[in-house]
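Topology and contacts: notes
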Amino acid sequence: PGFSAETVRDVLKAGGTLPINQLLRCRVRYFTDGAVLGSKTYLEDVFHRHRQRFSEKRRTGPRTMIGGQWGDLCTARRLRLDVITPPTTC
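In this report, we go over the structure that sits alongside the text. Note that the structure is a prediction, hence the values are computed from the model and not measured.

**A look at the overall build of the chain**
- The number of helices and strands found in the chain is 4 helices and 5 strands.
- Reading the chain from its N terminus to its C terminus gives the helix and strand order α-α-β-α-β-α-β-β-β.
- In terms of its C-alpha atoms, the chain occupies a principal-axis envelope of roughly 45 × 20 × 20 Å.
- Buried residues in the chain amount to 34% of all 90 residues.
- Counting every atom, the chain has about 6100 Å² of accessible surface; 51% of that belongs to carbon and sulfur.
- Averaging the locations of the 16 positively and 8 negatively charged side chains of the chain gives two centres separated by 4 Å.

**Overview of the sheet that holds strand β4 (residues 74–75)**
- Spatially, β2-β4-β3 is the arrangement adopted by the 3 strands of the open sheet, whose pairing is antiparallel. The open sheet has two edge strands, β2 (37–38) and β3 (63–64), and neither has a second partner.
- As paired strands, β3 and β4 are joined by 2 bridges and run antiparallel to one another. Paired with T64 across the bridge in β4 is C74.

**A few points about the side chain of R63**
- Mapped onto the fold, R63 is located in strand β3.
- The side chain of R63 is buried and forms no salt bridge, while E44, the nearest opposite charge, is found at 6.6 Å.
- At 3.0 Å, the side chain of R63 and the side chain of T60 are in polar contact.
- Not counting residues up to four positions away in its chain, the partners in contact with R63 are R58, C74, T75, A76, R77 and R78.

Thresholds, definitions, all that
- Residues numbered from 1 in each chain as written.
- Predicted model: local features only at pLDDT ≥ 70, side-chain atom pairs only at ≥ 80, totals over all residues.
- Heavy atoms only, no water.
- Helix = DSSP H or I, 4+ residues; strand = E, 2+ residues; numbered from the N terminus.
- Buried < 20%, exposed > 50% of the residue type's maximum accessible area, 1.4 Å probe, protein only.
- Areas by Shrake-Rupley, 256 points an atom, 1.4 Å probe, with all protein chains shown as cover.
- Lys, Arg positive; Asp, Glu negative; His and termini not counted.
- Charge placed at Lys NZ, Arg CZ, Asp CG, Glu CD.
- Pairing = 2+ DSSP bridges.
- Salt bridge = Lys/Arg side-chain N within 4 Å of Asp/Glu carboxyl O.
- Polar contact = N/O pair within 3.5 Å; in protein donor to acceptor, adjacent residues only side chain to side chain.
- Contact = heavy atoms within 4.5 Å.

So far we have only geometry, and geometry alone does not tell us how the molecule works.
This is the structure:
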């Protein structure tokens, strides 16, 4: 039923992805630091409505989420470091 923090670290270190049921038991920075979370269509809409808040070089709104099997979810910010932190207890 559970999984160990060591297993999560090993999967992420190897460049693998975690299923959504395991991801939701970890600390996921996308939920706090991703700025906006939603579908590609939703992120494009947010991007165009708030264009002034983004760099002039940026051409699209959605950024894919790494480290898990997120389906169609995207965020407004591309996070790269410590995106998923295993729980201390499982």
